[in-house]
Every structure is written in structure tokens, then in C-alpha cells.
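Chain and residue survey
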Amino acid sequence: MEDYLLAQLNEEVILKDGTQLKAADGHVMTKQEAIATNILSQAMNGDLKAAQYIQNIQLNAKIMKGNK
């Protein structure tokens, strides 16, 4: 199941009306991009769990950068 879910993240988002979801710059968004955009939006609207998740990602990235 994990392999299927990971593969699906790279697929394009198809909306209910059959059109593709596009980012502000015009490119077609992947499911992964749409999820990330949604998490960012939730954090900006005051969702503490979403904000904490983003902070954890930033901390992990900083730690990984320091280990290289």
C-alpha cells in the first residue's frame, strides 16, 4: 500500500470537473504539491498542528544540512 500511495503523490491533480489543478505560475500541480499547499494554507490560517509540522520539517532540514 505504501508504494501505491507514494506513486500517487507524483500524479497530477484532476478536479471534479475534469480539469487539472494549476499553480499560480500555470504548471499543473501534483498531488504532493497540492497537499503541501494545503498544509501551508492551514498554518497561515492559524492551524497549530500544521504550523508545528512545518517547523519540524524546517528543523529536520537544518539538521540534515549541518550533517553534510
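The structure this text deals with has already been given above.
Cut-off values and rules
Residues numbered from 1 in each chain as written. Predicted model: local features only at pLDDT ≥ 70, side-chain atom pairs only at ≥ 80, totals over all residues. Heavy atoms only, no water. Helix = DSSP H or I, 4+ residues; strand = E, 2+ residues; numbered from the N terminus. Rg over C-alpha atoms; globule rule 2.2 N^0.38 Å. Buried < 20%, exposed > 50% of the residue type's maximum accessible area, 1.4 Å probe, protein only. Contact = heavy atoms within 4.5 Å. Areas by Shrake-Rupley, 256 points an atom, 1.4 Å probe, with all protein chains shown as cover. Lys, Arg positive; Asp, Glu negative; His and termini not counted. Charge placed at Lys NZ, Arg CZ, Asp CG, Glu CD. Patch = residues over 30% accessible without salt bridge, like charges linked within 9 Å, V, L, I, M, F, W, Y side chains within 5 Å. Salt bridge = Lys/Arg side-chain N within 4 Å of Asp/Glu carboxyl O. Expected span 1.5 Å × (residues − 1). Polar contact = N/O pair within 3.5 Å; in protein donor to acceptor, adjacent residues only side chain to side chain.

Helix and strand counts for the protein stand at 3 helices and 0 strands. Order of helices (α) and strands (β) in the protein, N terminus to C terminus: α-α-α. Its C-alpha atoms give the protein a radius of gyration of 15 Å, clearly above 11 Å, the size a compact globule of 68 residues would have. When the backbone C-alpha atoms are referred to their principal axes, the protein occupies close to 45 × 30 × 25 Å. Going through the 68 residues of the protein one by one, you find that 10% of them count as buried. Sequence separation of 24 or more characterises 2% of the internal contacts of the protein that already satisfy a separation of 6 or more. By element, 57% of the accessible surface of the protein is carried by carbon and sulfur atoms, the whole surface being about 6000 Å². Of the charged side chains in the protein, 7 are positive and 8 negative; the average position of the first set lies 9 Å away from that of the second.

Attention now moves to the environment of Ile57. Its location among the elements puts Ile57 in helix α3 (residues 48-66). What makes Ile57 partly exposed here is its relative accessible area of 44%. In this structure, the C-alpha to C-alpha distance between Ile57 and Lys16, residues 41 residues apart in sequence, is 31 Å.

Let's shift gears to a nonpolar patch on the surface. Among the surface-exposed residues, Met1, Tyr4 and Leu5 lie close enough to one another that they form a single nonpolar patch of about 420 Å² accessible area. Considering the arrangement of structural elements, one finds Leu5 in helix α1 (residues 2-8).

Okay, α3 next. With 19 residues, α3 extends 27 Å from end C-alpha to end C-alpha; this agrees with the ideal 27 Å at 1.5 Å per step. Between the side-chain oxygen at the start of α3 and the backbone nitrogen of Lys49 there is a gap of 3.0 Å, and the oxygen is on Asp47.

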